[in-house]
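Descriptive structure summary
Okay, here's what each chain looks like letter by letter:
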Protein chains: 2
Amino acid sequence: MSARAGIVVTGTEVLTGRIQDRNGPWIAERLLELGVELAHITICGDRPGDIEAQLRFLAAEGVDLIVTTGGLGPTADDMTVATVARFCGRELVLDSRVEDMIADIVAGLMVRFPNVDPEAIRAANRKQALIPEGAHVLDPVGTAPGVVVPGKPTVVVLPGPPRELQPMWKVAVQTPAVQEAIAHRTAYRQETVRMFGLPESGLADTLRDAEHRVTGFDRLEITTCLRRGEIEIVTRYEPDDAGAYADLMTLLRERHGNDIFSEDGSTVDEQVARLLTGRWIATAESCTAGLLAARLTERPGSSAYVAGGVVSYSNQAKSELLGVDPGLIETHGAVSEPVAEAMAAGAMRRFGADTAIAITGIAGPGGGTPEKPVGTVCFSLMLADGRTVTRTLQLPGNRADVRERSTTVAMHLLRRALAGDGA
Amino acid sequence: MSARAGIVVTGTEVLTGRIQDRNGPWIAERLLELGVELAHITICGDRPGDIEAQLRFLAAEGVDLIVTTGGLGPTADDMTVATVARFCGRELVLDSRVEDMIADIVAGLMVRFPNVDPEAIRAANRKQALIPEGAHVLDPVGTAPGVVVPGKPTVVVLPGPPRELQPMWKVAVQTPAVQEAIAHRTAYRQETVRMFGLPESGLADTLRDAEHRVTGFDRLEITTCLRRGEIEIVTRYEPDDAGAYADLMTLLRERHGNDIFSEDGSTVDEQVARLLTGRWIATAESCTAGLLAARLTERPGSSAYVAGGVVSYSNQAKSELLGVDPGLIETHGAVSEPVAEAMAAGAMRRFGADTAIAITGIAGPGGGTPEKPVGTVCFSLMLADGRTVTRTLQLPGNRADVRERSTTVAMHLLRRALAGDGA
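As the structure is a prediction and not an experimental result, all values here were calculated from the model.

When helices and strands are counted, chain A shows 16 helices and 17 strands. With the principal axes as the frame, chain A shows a C-alpha extent of 75 × 70 × 40 Å. For chain A, the proportion of its 423 residues judged to be buried stands at 57%. Considering only contacts in chain A between residues 6 or more positions apart, those separated by 24 or more positions represent 68%. Total accessible area on chain A stands at roughly 16900 Å², and carbon and sulfur atoms take up 50% of it. Each charge sign in chain A was given a centre, from 42 positive and 55 negative side chains, and these centres are 3 Å apart.

Now for the pattern of salt bridges. Note that side chains of opposite charge can pair when their charged atoms are close. The full count for this structure, using the stated rule, is 37 salt bridges over all chains. Two residues, Asp-50 of chain A and Arg-4 of chain B, come together in a salt bridge whose shortest N-O distance is 3.7 Å. In this pair, Asp-50 of chain A is assigned in helix α3 (residues 48–60) and Arg-4 of chain B in strand β1 (residues 4–10), connecting two distinct chains. Classification of Asp-50 of chain A as buried rests on a relative accessible area of 8%. As a salt-bridge pair, Arg-279 of chain A and Asp-354 of chain A come within 3.9 Å of each other at their nearest N and O atoms. One end of the pair, Arg-279 of chain A, is in the loop between α11 (268–275) and β13 (281–285); the other, Asp-354 of chain A, is in the loop between α15 (337–350) and β15 (355–361), and 75 residues separate them in sequence. Among the charged side chains, a salt-bridge network with shared partners connects Arg-47 and Asp-50 of chain A together with Arg-4, Glu-37 and Glu-221 of chain B.

Packed helix pairs are specified by the crossing angle of their axes together with the interaxial distance, meaning the distance between the axes. Residue and element names in this part refer to chain B. At their nearest, the axes of helix α3 (residues 48–60) and helix α4 (residues 80–88) sit 10 Å apart, and the two run at 45° to each other. On the basis of their axis angle, the class for α3 and α4 is oblique. As α3 runs across α4, the sense of the crossing is right-handed. On the side of α3, the interface is formed by Pro-48, Ile-51, Glu-52, Leu-55, Arg-56 and Ala-59, while α4 contributes Thr-80, Thr-83, Val-84, Arg-86 and Phe-87. Residue composition of the contact of α3 with α4, grouped by class: 6 nonpolar, 2 polar and 3 charged.

Once that is clear, we can look at the pairing of strand β2 (residues 37–44) of chain B. In terms of burial, β2 of chain B is largely enclosed, as 8 of its 8 residues are buried. In terms of strand pairing, strand β2 (residues 37–44) of chain A meets β2 of chain B through 5 bridges, oriented antiparallel. The partner of Thr-42 of chain A across the bridge, within β2 of chain B, is Thr-42 of chain B. Direction of pairing for β1 of chain B relative to β2 of chain B: parallel, over a ladder of 7 bridges. Counterpart to Val-9 of chain B in the pairing with β2 of chain B is Ile-43 of chain B.

What follows covers the sheet that holds strand β11 (residues 230–237) of chain A. Residue and element names in this part refer to chain A. With antiparallel pairing, the 4 strands of this open sheet are ordered in space as β10-β11-β9-β12. Each edge of the open sheet is held by one strand with a lone partner, namely β10 (221–227) and β12 (260–262). The mean inter-strand angle of the sheet, taken between neighbouring strand axes irrespective of direction, is 30°. Its contacts with the sheet place helix α16 (residues 399–419) against β9 (189–196), β11 and β12, and it is angled at close to 95° to β9.

A word on the state of the cysteines. Residues and elements named next belong to chain B. For the coordinates displayed, the defined rule picks out 0 disulfides over all chains. Cysteine Cys-88 is unpaired, with the sulfur of Cys-44 as its nearest cysteine sulfur at 15 Å. The structure places no disulfide on Cys-378, whose sulfur is separated from the nearest cysteine sulfur, that of Cys-287, by 9.2 Å.

With that settled, the discussion passes to the relation of the copies chain A and chain B. Superposing chain A onto chain B takes a rotation of 179° plus a shift of 1.0 Å along the axis, which leaves an RMSD of 1.2 Å. Considering both components of the superposition, the chain copies are consistent with a two-fold axis. Looking at chain A, 86% of its interface residues are interface residues in chain B too, so the copies touch through the same face.

Here the focus is a nonpolar patch on the surface. Residue and element names in this part refer to chain A. On the surface, Leu-92, Leu-94 and Leu-130 cluster together into a nonpolar patch covering about 210 Å² of accessible area. Looking at where Leu-130 falls in the secondary structure, it is placed in strand β5 (residues 130–132). By relative accessible area, which is 31% here, Leu-130 ends up partly exposed.

Let us look at unusual backbone geometry. The step from Lys-152 of chain A to Pro-153 of chain A runs through a cis peptide bond, and the omega angle for that step is 0°. Mapped onto the elements, Pro-153 of chain A comes out in the loop between β7 (146–149) and β8 (154–158). The linkage connecting Gly-364 of chain B with the following residue, Pro-365 of chain B, adopts the cis geometry, with an omega of 0°. Along the polypeptide, Pro-365 of chain B turns up in the loop between β15 (355–361) and β16 (376–383). One non-glycine residue, Ala-289 of chain A, lies in the positive phi region at around 50°. Looking at the secondary structure, you find Ala-289 of chain A in the loop between β13 and α12 (291–296).

Our next topic: the sheet that holds β13 of chain A. Reading across the sheet, the 10 strands line up as β17(A)-β16(A)-β15(A)-β13(A)-β14(A)-β14(B)-β13(B)-β15(B)-β16(B)-β17(B) and stay open at both edges, with mixed pairing between neighbours. Edge strands, defined here as strands with exactly one partner in the open sheet, are β17 (388–394) of chain A together with β17 (388–394) of chain B. Ignoring strand direction, the axes of neighbouring strands in this sheet form an average angle of 10°. Inspection of the sheet shows β13 of chain A paired to β15 of chain A by 5 bridges, in the parallel sense. In the sheet register, Ala-284 of chain A faces β15 of chain A, and the bridge partner there is Ala-358 of chain A.

Further remarks concern the domain arrangement of chain A. All names here are of chain A. Per the domain assignment, the segments making up chain A are domain 1 (4–182), domain 2 (189–262) and domain 3 (268–419). The C-alpha centroid of domain 3 is placed 32 Å from the C-alpha centroid of domain 2. Contact residues are listed per partner, giving 7 residues for domain 2 and 10 residues for domain 3. For domain 2, the biggest contributors to the area lost against domain 3 are Phe-196, Arg-228 and Phe-261; these three give 76% of the whole. The interface formed by domain 2 and domain 3 holds 0 salt bridges in total. Run the count over domain 2 and domain 3 and you get 2 residue pairs in polar contact (both at pLDDT 80 or more). Across the side of domain 2 that touches domain 3, the residue classes break down as 2 nonpolar, 3 polar and 2 charged.

This part covers the packing of aromatic side chains. Residue and element names in this part refer to chain B. Scanning all chains against the criterion turns up 3 aromatic pairs over all chains. Centroid distance Tyr-237 to Tyr-245: 5.1 Å. Interplanar angle 20°. Geometry classified as stacked. The buried category is assigned to Tyr-237, whose relative accessible area is 3%. If you follow Arg-30 out to its NZ or CZ, it ends over the ring of Trp-26, 4.7 Å from the centre. Over the ring of Tyr-188 we find Arg-236; its NZ or CZ atom is 3.9 Å from the centre of that ring.

Calculation notes
- Residues numbered from 1 in each chain as written.
- Chains lettered and ligands numbered in written order.
- Predicted model: local features only at pLDDT ≥ 70, side-chain atom pairs only at ≥ 80, totals over all residues.
- Heavy atoms only, no water.
- Helix = DSSP H or I, 4+ residues; strand = E, 2+ residues; numbered from the N terminus.
- Buried < 20%, exposed > 50% of the residue type's maximum accessible area, 1.4 Å probe, protein only.
- Contact = heavy atoms within 4.5 Å.
- Areas by Shrake-Rupley, 256 points an atom, 1.4 Å probe, with all protein chains shown as cover.
- Lys, Arg positive; Asp, Glu negative; His and termini not counted.
- Charge placed at Lys NZ, Arg CZ, Asp CG, Glu CD.
- Salt bridge = Lys/Arg side-chain N within 4 Å of Asp/Glu carboxyl O.
- Axes fitted to C-alpha atoms, helices over the stretch in contact; angles between N-to-C directions.
- Parallel < 35°, antiparallel > 145°, perpendicular 65-115°, else oblique.
- Left-handed = near helix turned anticlockwise from the far one by under 90°.
- Nonpolar A, V, L, I, M, F, W, Y, C, P; charged D, E, K, R; others polar.
- Pairing = 2+ DSSP bridges.
- Disulfide = S-S within 2.5 Å.
- Least-squares fit on C-alpha atoms with pLDDT ≥ 70 in both.
- Patch = residues over 30% accessible without salt bridge, like charges linked within 9 Å, V, L, I, M, F, W, Y side chains within 5 Å.
- Domains from an automatic or database assignment.
- Buried area = accessible area lost by both parts, 1.4 Å probe.
- Polar contact = N/O pair within 3.5 Å; in protein donor to acceptor, adjacent residues only side chain to side chain.
- Phe/Tyr/Trp six-rings, centres within 6.5 Å; stacked < 30°, edge-to-face > 60°.
- Lys NZ or Arg CZ within 6 Å of the ring centre and 35° of its normal.

Shown next, in the form of structure tokens:
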């Protein structure tokens, strides 16, 4: 029996859908890496009664570890620490070391706001220095400290902002209380395979066959997920079942070898970044309007291979900035393969690049015609050696979906062309 | 006492963070609009035991309505309907009308996949036609029907894909069972105020004063949230407390009038789109690399005012495509106000625009210096009448944060300049 955990996400703004929770999924992945089984994520508002009900529920379900996120701010609606203390049957005590630490941090921030009453600030921050008796303090990354309260279950209390939560989680995991709570975790292996270009039902068919053909298939915990047009297959298994996983992989490669682009968990973004090393790429984007350039530059160090791009949203921009012949646009339309090719050629020339990619399409909701309905997108990829790959696809979904999916298609065109296995 | 609801989100891929749940937030908003109070969202994997534990928890918390999402597919790991039936103490019965309806839908889909065994498909879909006795069937939008099971609580079972769930929710709400479950809802009002440029602690200070100065303040349910550098204040109240809300707004306007940019729930994106009507805008982006252009074109119809943009990631691109004097870059550095201004002027000229905005900064993690640390970002906004607004800011966070925050700052520069209230 593996160690089990639950996550309590607090915050009315998350519960009501005004902001999307990024912490639950992030902690879920960390727990998975540790081999701790996540049973439940629960989300509630800032009401102490609801938070406490969720803590009691998770404890009753027998989890070894509870991680809470949010509700550590200076305002009165932030009640998580007090609620956890009551749940754990511990008094709140003022930790003067923590109080001084917060005061120092806040003093630095307040230099820019001389009109705020310092005594009011100090009162607010004293609230944040109240710690459940006997708890381990997680020093603040922002202004809010977290705590680890030992017990059965052990409760880790973390702040809401992801850039504070993430480094504080790493500290929390090292505390004796958390190590003890997760001592019975199972050493699972987890492998990820990514495919592009296969319908999900085709994979389902192969997995049904695998039930008969792969010995030990039922001991592999497989989840498949269609995301951004890619299929992700995640398999968890205990080390003894590595043979079954190897047999499954043999079957997948036999059936879908052309569609598998990653067996080591690497993403298309990582692969394209690696393939672009030593190259100099330029983009020409119409319907995606900068999303591809932004995606190519998400990674530190991308300035070594990204020259830049043109967002040629108007036809005039296509002609003026990329040198696309206006006659070409008039003859074939702005969303056409000849225009996509001219855009790529223009970007290559204007940026002095050796790799260029162009996207022009109809993201909708307006602008579709019977011949070119919404979702029609033309791509052209050009390399300095003269190779050109041009494609027109029909992409599903709404405006945002078409724009995002177009960006993903462009990444795969790049990957295939640069890896030299055709497209 | 208002009607209360809970949402159960099922799916291992959601629990483990591999896909982000979009249904919980969407249903949360719909419940809010109806005046139903959402107490909890719970997320679990595809295990019947965990799903049932969450249903029992919500029932024990006294909710009137439970909405479940996901787990209605044809594969064996989709168990939601069977689990809900057991929880509600009802038998599953085959609904032949539903069975025929699914068969018709699937027959249409399978035309493209002639090699799949039709008998296997039919067996899989028979599972989806098993309905809890006495439940109301929600006809499928995709291939999976939903159900409404009357009782205390009433349970609405919806599929996972948002484009199926959303229309089916609208049907579910109209059923007598749901109408009865939410009969005691309260007609809340909800107002949203958005601010930019104020630290959260400054607002906390004002809200503490409001406790004394605003009669009925304790009956306002206020949540504040810092997001993308903006503070969002959402207040819910019963209609009788409108006076208290009006008094709170008077106080907020007195103290923070300059920072409030929205009192009607509108976002900066909506305001900028409105202000750009009749204009022609071009962007020049370095560190944000297309994120601003992509944001400006998120809205349908933006081609009426977005000319395009240049992602001038390399210095060469700044000179070649935007006409920035290389000497200027050498003297002041690529991240400097003179270069930002030259980029904006270049974009204005190259796109024939009447509004141009440039961003150049150090998103990190590398590239910082003692004079220009990571997070230093220069902005320049230029209008055809000669007005120019140039600013250098120091933005917090990691690479992604700096890039996103820069985009938001640019939107606010645009808003202020175009609304004519200076910047």
